[in-house]
Amino acid sequence: MSDLLVAAVLGVVEGLTEFLPVSSTGHLLLLGHFLGFESKGKSFEILVQLGAILAILLVYFRRLLDIVLRLRSDPSARRFVIGVLVAFLPAALIGALAHGFIKGVLFNPVLVCCSLIAGGLVLLVIDEMELEVKHHDATAFPLPMYFKIGLIQCLAMIPGVSRSGSTIVGAMLLGADKRAAAEFSFFLAMPTMAGAFTYDLMKNYKVLTSGDTLLIGVGFVTAFISALIVVRSFLDFVSKRGFTPFAWWRIVVGSAGLAGLWVFG
C-alpha cells in the first residue's frame, strides 16, 4: 500500500474517531504500526488533527460567532470562554513539560491496546451508573467544574485513553448529562487540539520534508471530511444510545491489537 493511500486511510480514521470516546491517537498508532507507516517524530498523528479541528469549527461556527459577539455585553459568554481556557490550562502545561516523554515512551502499541481495553471497561461501568445529573448546558458549568474536567483530560496524554472519552466521563461524574458532557468535549477539543498541533509543528517543522507535508495534507483532507460526519451525528446518537457501543469497540480493537502484536510483533 502506498504511503499516500495509507495517509488517506489514517486521515479517515482520525476524523471518525477524534470526537468519539475511542482514542483517535490510539487507533492511528495501532493502524500505522500494522501498516508499517511511521512519521518523523510521530508528527503525522498530531498534525493531521488540524482537519478535525477545522471540521468542528465549521459545524460550530455560528455558536462560536454568537459567543464572540456577546463577549463585551454578556457575562455568561465571558464566563464560558474563561471556563474553556481554565479547562485547557492543565493539558497545555503538562503537554509542554512532558512532550518528549509522551512521544518517546507512551506512544507504545502494547500500552495503547491496554488503555483501549481499560477505557472500554470504564465506559461500560459509567453507562450503567445512575449518576446525579445537575448540569444540562455545556456553556454554564461552574468554573471549578471546568477546571476539574481539564485535569481529567490530562489522562488522555496516554495514547489509547481518549481525550473525548476522558472529558465526557469526567463531566458526567461531575454532574453533566450525556449530551452536555459530549458537547463540552467538542468545545474543549478546539484549544487543546490546536495547541497540540502548534506545539508539535514548532518542534518538528525543521525535520519535515515536502513528502511528509504531502502525506499530512492528504490526511488532513480526509480527516476533515470524516470528522464532519461524526460531529453532525454524535450528540444525537450518544443521547439515545449511550456509550456502550463505543466501549465494546474499544475492547474489541484493544484485544485484536494485542493478539496481532503477539502474532506479528
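Check the entry above for the structure.
Below: a short report on this structure. The structure displayed is predicted, hence computed values, not measured ones.

Remarks on the overall build of the chain
And then number 1: Along the backbone of the chain there are 13 helices and zero strands.
And then number 2: Along the chain direction, N to C, the helices and strands of the chain fall in the order α-α-α-α-α-α-α-α-α-α-α-α-α.
And then number 3: Against the compact-globule benchmark of 18 Å for 265 residues, the chain has a radius of gyration of 18 Å, which places it among compact chains.
And then number 4: Dimensions of the chain, computed from C-alpha atoms along their principal axes, come out at roughly 55 × 40 × 35 Å.
And then number 5: Taking all 265 residues of the chain together, 49% fall into the buried category.
And then number 6: Once local pairs closer than 6 in sequence are excluded, the contacts in the chain between residues at least 24 apart make up 83%.
And then number 7: Only carbon and sulfur atoms are counted for the fraction: they give 70% of the accessible area of the chain, which is about 12500 Å².
And then number 8: Computing the positive centroid from 20 side-chain charges and the negative centroid from 17, the chain places the two 5 Å apart.

Comments concerning the environment of S239
And then number 1: Along the chain, S239 turns up in helix α12 (residues 210–241).
And then number 2: Residue S239 is classed as partly exposed on the basis of its relative accessible area of 38%.
And then number 3: Considering only alpha carbons, one finds S239 and S76, 163 residues apart in sequence, at a separation of 25 Å.

Description of a nonpolar patch on the surface
And then number 1: Together, F34, W262, V263 and F264 make up a nonpolar patch on the protein surface, roughly 560 Å² of accessible area in all.
And then number 2: Broken down by element, the nonpolar patch gets its largest block of residues, three residues, from helix α13 (residues 244–264).
And then number 3: Here W262 is to be found in helix α13.
And then number 4: In this structure W262 comes out as exposed when scored by relative accessible area, which is 74%.

So, how was this worked out
- Residues numbered from 1 in each chain as written.
- Predicted model: local features only at pLDDT ≥ 70, side-chain atom pairs only at ≥ 80, totals over all residues.
- Heavy atoms only, no water.
- Helix = DSSP H or I, 4+ residues; strand = E, 2+ residues; numbered from the N terminus.
- Rg over C-alpha atoms; globule rule 2.2 N^0.38 Å.
- Buried < 20%, exposed > 50% of the residue type's maximum accessible area, 1.4 Å probe, protein only.
- Contact = heavy atoms within 4.5 Å.
- Areas by Shrake-Rupley, 256 points an atom, 1.4 Å probe, with all protein chains shown as cover.
- Lys, Arg positive; Asp, Glu negative; His and termini not counted.
- Charge placed at Lys NZ, Arg CZ, Asp CG, Glu CD.
- Patch = residues over 30% accessible without salt bridge, like charges linked within 9 Å, V, L, I, M, F, W, Y side chains within 5 Å.
- Salt bridge = Lys/Arg side-chain N within 4 Å of Asp/Glu carboxyl O.

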